Amino acid sequence: MTRGRLPAPFGQHIDRERPVTFTFEGETISGYAGDTVVSALLGEDRWLLSRSFKYHRPRGPLSLAGHDANTLVQTPEAANRLAEELPAEDTPVVTGQNYWGSLDKDRFSLLDRLGRFLPVGFYYRAFFKPQGIWHFWERFIRAAAGLGVANLAVQPTYSDKQYLFCDVAVIGGGPAGLNAALTAAEGGAQVLLVDENPYLGGALTYHRFDTAGTEAGPCLEQLRTAVTAHSGIRVLTDATCNAWFSDHYLPVFQGQRLFKVRARTCVLATGSSEQPVVFRNNDLPGILLCSALERLLMHHGVAPEQPLVVLAGNDAAYRTALTALDAGLTVAALVDLRPGANDPALTSALTEQGVPLYTQATVYQAEADASGTRLAAVRVHACSDEGTVGDDLAHIPCGLLAMSAGYMPAYQLACHGGAQLSYHDDRAGFSLSNLPQGMLLAGSVNSLHSLEAVCADGRNAGRAALEQLGLDAGAVEATECSERVNHPWPIFKHPKGREFVDFDEDLQIKDIINSARLGYRDIQLVKRYSTVGMGPSQGRHSALTTARLIARATDRTVSDTGVTTARPPVKPEPLGLIAGRRFHPIRRTSLHDRHLTLGAQMIPAGSWRRPGFYGRPEQRLAAIAREAQAVRSGVGMIDVSTLGGIDLRGPDAAEFLNRIYTYGFLKLPVGRTRYAVLTNEQGVVVDDGVAARLGEDHFYVTATTTGVDRVYRDMLRWNTQWRLELDIANVTSAYAAINVAGPNSRAVLEAAGCDLDLSAAGFPYLACREGQLAGLPVRLLRVGFVGELGFELHVPSLMAATLWDSLMAAGEDYDLQPFGVETQRLLRLEKGHIIVGQDTDGMSHPGEIGLNWAINNKKPFFVGGRSVTILAGQPLKRQLVGFTLGTGAPQPKEGHLVLRDGAIVGNVTSCEYSPTLDRIIGLAYAHPSDSEPGGSITIRTDDGVCVAAEVAALPFYDPDNARQTLCALKQPRPAWPAPCSRWHSRAAATRLWF
Amino acid sequence: MKIMHCPLNGPRNISEFTYGGQVHTMPDPKTCDDPSWARYVFYEDNDIGIVREWWQHTPSSYWFIAERHNGSDDILRTYDPGELFTDRVDFQTPGGES
Amino acid sequence: MASPLQSLAFEGGGNEALVLRDFRLARRAGVRGPGASDLLTSHGLPADIAPNRISDQSDRGLVMALSQREFWLLHPDAAASSQQPDSAALAAGAWPLYCQHSHAWLMLSGEPKAAMMAKLCGVDLGDGAFPLGQVAQTQMAHVSVVIAHHDYQNEAVFSLFVDQSLAEYAAGALIDAMSEFNQSGI
């Protein structure tokens, strides 16, 4: 049943008119809209929320700000959700996690008694030897340290990303952030204000900044109104800025979207984390931070009935006690670690209301009730500033303890930017310095705590941001604040231990000290050895204590010790948001739809999609054999639009090519092509293609599908240095290309209608022409990659489909067969043509792959020439050879090793079954002394089976190249396909191009 | 993400750029000895300090030079390669200027 | 010839909605080289356009400068030229580019176009940072794009030029990003 909630001004976030229910551990819990799962549970006086990671100790709320791991729960959708961030309204079913039995009676809690057998570094030390023992114990340990159950059936949700540009990004919507945003916006900047809470205001929504408690409300009201009304401020609430990256690039996630914020300046008003006091049993449910109690009262109006003890390391805790009194709580005592409050008004305000005060005292030990799961009393002892504990002063029954030992700046984002944390002994706190250009701090992250100072600091940061942007800002003045909020040593070691430094990882004082004793002096090593700060709270509540303990244990200052490196993300983030909407660019040739209509199986080639073969997947081998047969005996046609194309135009085009490629190009006649091999400066073959001289000053060069971008990039860079007179244009996408190959290819072209002499004499092998084919302007290259008479037709891409259709029509009488990449790979292998990138690797130089014939050593220079010469003077280490195997042998695969006397000497780069030759054929790197045809190489195939393959001369097929000059095998019927293209008309073929 | 100033296109995310290595002077490939050539091809200076690097703005295919401090990763200056490469380079004469 | 993107063409309702149109068959040409600006001048077109700016020459189309020596000429209302692309120099040091065939042309209009583009592109295309007449050579959904901000039929639009082999991909990414803005308009 729902207990009564406090009236306004308490409970600002709940809607008392709208009750909601959900179940926790099967029990129905009632609350109100606006409640979190935790506030509703606390409203029903249910304080045990989780079991700790290692000892399975009972845990309750600590920060109520989403900054600790004590409220991790399970929902049906996901594990490890922070109950204090889950709206009660939207979360129908919640259970605890990490227990055996029930949350209330966790059988694993026995582990707490075995604690002394589980010292720091236990896992490292206990399971190190004998080898393999970890694997035995692992399953038991994993069961005990379970972290909830992943829902494997969950459907991924759509998440995406969006850039968000602003002049000033203000992170944190508390009093400092609101003032900074307002000042910057009033100065003319576009401001983005980000806050992780569902509402703006930060500490103004719960914290009492003055004794009377009258300042925060009006201040919040005024700021909120002004910020909301200002058109120059965009507000993102429920949004977490999880990192700072170079040049103010901030990932901010909100719901299903990750905003990639790009700001020109950035104000961090991220606040600070209140620090716990470290004493025995300081983790019992019922013990929480002062700010958490304030949030509970002010946001949710939950007023626990049990007596409250306040443990104060600063004046702020006194004000928490006053708020609790206003809410009607019984304040059983205020225990001050110091000699007394700085502000005497606070002391009198409390004593007037009859609150017993203990000064220079601490809670030395907390005691649980009979169930062991709830605070029942505290034992108060005298103490010193150095952590020594004196006389027993009192034993106070209480169900609630609110503590504040001080504040640690929320330093994470600043440290992502390289800021330094330094410790100041005079005020026992860290501060940030050495901020990157354009990063500003405001408020308590800047070690300011009074409301007046925080607001002034926010305005200052706003002005400083304007100054950075070159806007008129007004004077920027450093803000001063003398209020001391940190106690120097709120750490009280108890002989029986259980004083928790890190709640996530169940680490006690002795664990930290023992790490130092074992030799881990460096704070980074202490973290790795003890796991301190590795849990979900990422050291928010443990870093300061750890730094102090290690400093003392190693006789250094806290500044010297420092804290561990803060790295992104600040809070756990869903991986789906990082992935976002995935972009996988896919390139299609102009003939894509034609291929699909013909039933092509499309396969990836770089980012392109190309037909592998035409036919159903289960008939792959038959389809490839049919297509290969068509090319060898009739005519086939393949879309080679993905081939790179580069136009080189200008008086120096030939000179440029001569420097880039290995062959000589100065004397290549117009109308001729030449094989073009590209080496890099190391002499490694990185690309190849065909260079066609279309004019005295005009070369058209092809490059490999995946290599063209790099070839183009390198060409541009070389000419940036050489300053030759030419234009280099990547025309890959401007030109589609179709290769028509086979004995009947010439006949098909003639049937399609061509204004060129296609005869063997008029258009010889390796010639190139520009002409009209089927009424379209086409660049024709007579090349023979697949080893048959063939023409490569390059056509402006918007005309490609028309050309394809005309060829299909013209080829009908010749049974023109479209063929795919898989067939092409087989055909070229039969012909012994290498594919750069498949048959070469990062070490292949021309000598290894039989390309010495393509090197011109007489040229003054080509890229890689010097290296090729040096390599040519050295003995070969391996050589690419052809091999064949009988069809009964296991077929080697690409990558299978070539062995010689048991040692690896090379690998298979290509291997296919050739229906034409009825043998398995392939290329492999072998030892140079095994490269003579007729010899044998050993290939280790699947399952380690070694086969002896015969080294064969290349090409496997048509060694005399006779096929390139074949004439038509079959006479065409006199059919003339009508070109159906709108491109046919050349009426407008004037030189006027616009 | 870091921002780089392209001399042609202005400030852009570093992901829009392609790195092209350090700016080296090529020794004369016809006359230098093998170790000098190998040093040119395989070695980067790798000293801490200001390095001069090739960068390309990928969408516009524009190459430029950046001077960057490789300790702080601050990009100090970017400029058109025309500042460094002013004259046509020829390889006609063996032993001549490279 | 039908629009290759017909099946993807997407138009929401209302004036606020985003509209993506396919101009792949509209005329465009380009010229590059040291003689490019002289050639423009000789045709009575302005050659003093700064790189990454676009200038409206009313009935003579739009002139877009991609560098000091590269210019594209865009005619949204003229059909693609049916002549073969020139490859020979148009004047000394002025080489024609094959923009008609190398790049697809998409046009985006509607009020929230900059906010929508922020889902795909890392350059701020808001009016403040990217005013009318500005051009950005950048990346969109991981592919290169030229974005030009100009007027078309009395409305400020973005012209997007992507490699023609990526047109379907780019249109798909745009339409996916547009859907959240157009839901209320339909």
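Residues numbered from 1 in each chain as written. Chains lettered and ligands numbered in written order. Predicted model: local features only at pLDDT ≥ 70, side-chain atom pairs only at ≥ 80, totals over all residues. Heavy atoms only, no water.

Points about the overall build of chain A
Put simply, the test is: We count a stretch as a helix when DSSP gives it H or I for four or more residues in a row; a strand needs E for two or more, and each element gets its number in order from the N terminus. The reference for a compact globule is 2.2 Å times residues^0.38; the radius of gyration itself is calculated from the C-alpha atoms. Type-normalised accessible area, obtained with a 1.4 Å probe on protein chains alone, sets the label of each residue: buried when under 20%, exposed when over 50%, and partly exposed for intermediate values. Surface accessibility follows the Shrake-Rupley procedure with a 1.4 Å probe radius. Residue values consider only the protein chains on display as shielding.
Within chain A one finds 23 helices and 47 strands. Its C-alpha radius of gyration of 39 Å places chain A more than 25% over the 30 Å reference for a compact globule of 994 residues. When the backbone C-alpha atoms are referred to their principal axes, chain A occupies close to 115 × 70 × 55 Å. Put simply, chain A has 994 residues, and 59% of those count as buried. Taken as a whole, chain A presents about 38700 Å² of accessible surface, with 52% of it coming from carbon and sulfur.

Observations regarding the interface of chain A and chain C
Many analyses report the size of an interface as the accessible area lost when the parts associate. Rule in force here: Every residue pair with non-hydrogen atoms within 4.5 Å of one another is taken to be in contact. As used here, buried area is the combined drop in accessible area, with a 1.4 Å probe, of two parts when they are placed together. What makes a salt bridge here is a side-chain nitrogen of Lys or Arg within 4 Å of a carboxyl oxygen of Asp or Glu, nothing more. Each polar contact in these results corresponds to two N or O atoms within 3.5 Å; when the atoms are within protein, one needs to be able to donate a hydrogen and the other to accept it, and residues that are neighboring in sequence are counted only if both atoms are side-chain atoms. For this classification, the nonpolar set comprises Ala, Val, Leu, Ile, Met, Phe, Trp, Tyr, Cys and Pro, the charged set comprises Asp, Glu, Lys and Arg, and every other residue, Gly included, is treated as polar.
Taken together, the 46 residues of chain A in the interface contact 54 residues of chain C. With both chains or domains summed, chain A and chain C bury close to 4300 Å², and 57% of this area falls on carbon and sulfur atoms. Summed over the shared surface of chain A and chain C, the result is 5 salt bridges. Among the salt bridges present, the one from Arg-587 of chain A reaches Asp-163 of chain C, with a minimum N-O distance of 3.2 Å. Linking chain A with chain C are 21 residue pairs in polar contact (both at pLDDT 80 or more). Every element with two or more residues in the side of chain A that touches chain C is listed here: β8 (160–171), β32 (644–649), β36 (727–730) and β39 (776–781) of chain A. At 5 residues, β8 of chain A tops the list of elements feeding residues into the side of chain A that touches chain C. Residues that form the side of chain A that touches chain C fall into these classes: 23 nonpolar, 9 polar and 14 charged.

Some points on the sheet that holds strand β1 (residues 15–24) of chain A
Residues and elements named next belong to chain A. Stated precisely, the cut-off is as follows: A pair of strands is treated as paired once DSSP finds two or more bridges between them.
If you trace the 3 strands from one edge of the open sheet to the other, you get β2-β1-β7, paired in mixed fashion. Of all the strands in the sheet, the pair left with one neighbour each is β2 (27–33) and β7 (93–94). Relative to β2, β1 runs antiparallel, the two sharing 7 bridges. If you follow Thr-23 over to β2, its bridge partner there is Thr-28.

Considering the domain arrangement of chain A
All names here are of chain A. Stated precisely, the cut-off is as follows: Domain segmentation is taken from an automatic or database assignment of domains.
Each assigned domain of chain A is listed with its residue range as follows: domain 1 (1–153), domain 2 (160–273 + 408–468), domain 3 (276–405), domain 4 (497–575) and domain 5 (875–970). The C-alpha-based centres of domain 1 and domain 4 are spaced at 23 Å. A buried area of about 1700 Å², summed over both sides, lies between domain 1 and domain 4, and 54% of it is on carbon and sulfur atoms. Our enumeration of links across domain 1 and domain 4 arrives at 2 salt bridges.

What to know about the sheet that holds strand β38 (residues 768–773) of chain A
Residues and elements named next belong to chain A. As a reminder, the rule being used: Axis definition: a line fitted to C-alpha atoms, over the contacting stretch in the case of helices. Angles run 0 to 180 degrees between N-to-C directions.
Read across the open sheet, the 6 strands follow the order β38-β39-β40-β37-β31-β41; overall the sheet is mixed. The strands lining the two open edges of the sheet, one partner per strand, are β38 and β41 (817–818). Here strand β31 (residues 636–639) pairs with strand β37 (residues 735–741) via 4 bridges, running antiparallel. Across the sheet, the residue bridging to Gly-636 is Ala-741, located in β37. Helix-sheet contacts for helix α21 (residues 800–810) involve β31, β37, β38, β39, β40 (790–796) and β41, and the interaxial angle to β37 is about 15 degrees.

Description of helix α8 (residues 344–352) of chain A
All names here are of chain A. Put simply, the rule is: Throughout, the arc means the angular range of directions from the helix axis out to the C-beta atoms.
By the burial criterion, the buried members of α8 are Leu-346, Ala-349 and Leu-350. Seen end-on, α8 carries its buried residues on one side only, within an arc spanning 95 degrees. Set apart from the buried face of α8 by more than 90 degrees, the exposed residues are Pro-344 and Glu-352. Contacts from the buried residues of α8 go to α7 (315–326), β17 (331–336) and β18 (357–358). The opening residue of α8 is Asp-343, an N-cap whose side-chain oxygen sits 3.0 Å from the backbone nitrogen of Ala-345. Two residues or fewer past α8, Gly-354 is found with a positive phi of approximately 80 degrees.

Examining the interface of chain B and chain C
Opposite the 10 residues of chain B that make contact, chain C presents 11 residues. Summed over both partners, the interface of chain B with chain C buries about 730 Å², with 44% contributed by carbon and sulfur atoms. On the chain B side of the contact with chain C, Leu-8, Arg-12 and Pro-59 of chain B bury the most area, a combined 55% of that side's loss. For the pair chain B and chain C, the interface holds 0 salt bridges. Linking chain B with chain C are 5 residue pairs in polar contact (both at pLDDT 80 or more), by the criterion used here.

A closer look at the environment of Asp-343 of chain A
All names here are of chain A. Looking at the secondary structure, you find Asp-343 in the loop between β17 and α8. A C-alpha to C-alpha distance of 60 Å links Asp-343 and Phe-583, two positions 240 residues apart in sequence. Leaving out residues up to four positions away in the same chain, Asp-343 has contacts with Thr-211 and Asp-315.

Considerations on the pairing of β1 of chain A
Two faces make up the sheet, and in a regular strand the side chains alternate between them. All names here are of chain A. Here β1 hands over to β2 after 2 residues, with Glu-25 in that stretch at a positive phi of 55 degrees. Both β1 and β7 contribute to a ladder of 2 bridges, which runs parallel. Residue pairing for β7: Thr-23 is matched across the bridge by Val-93.

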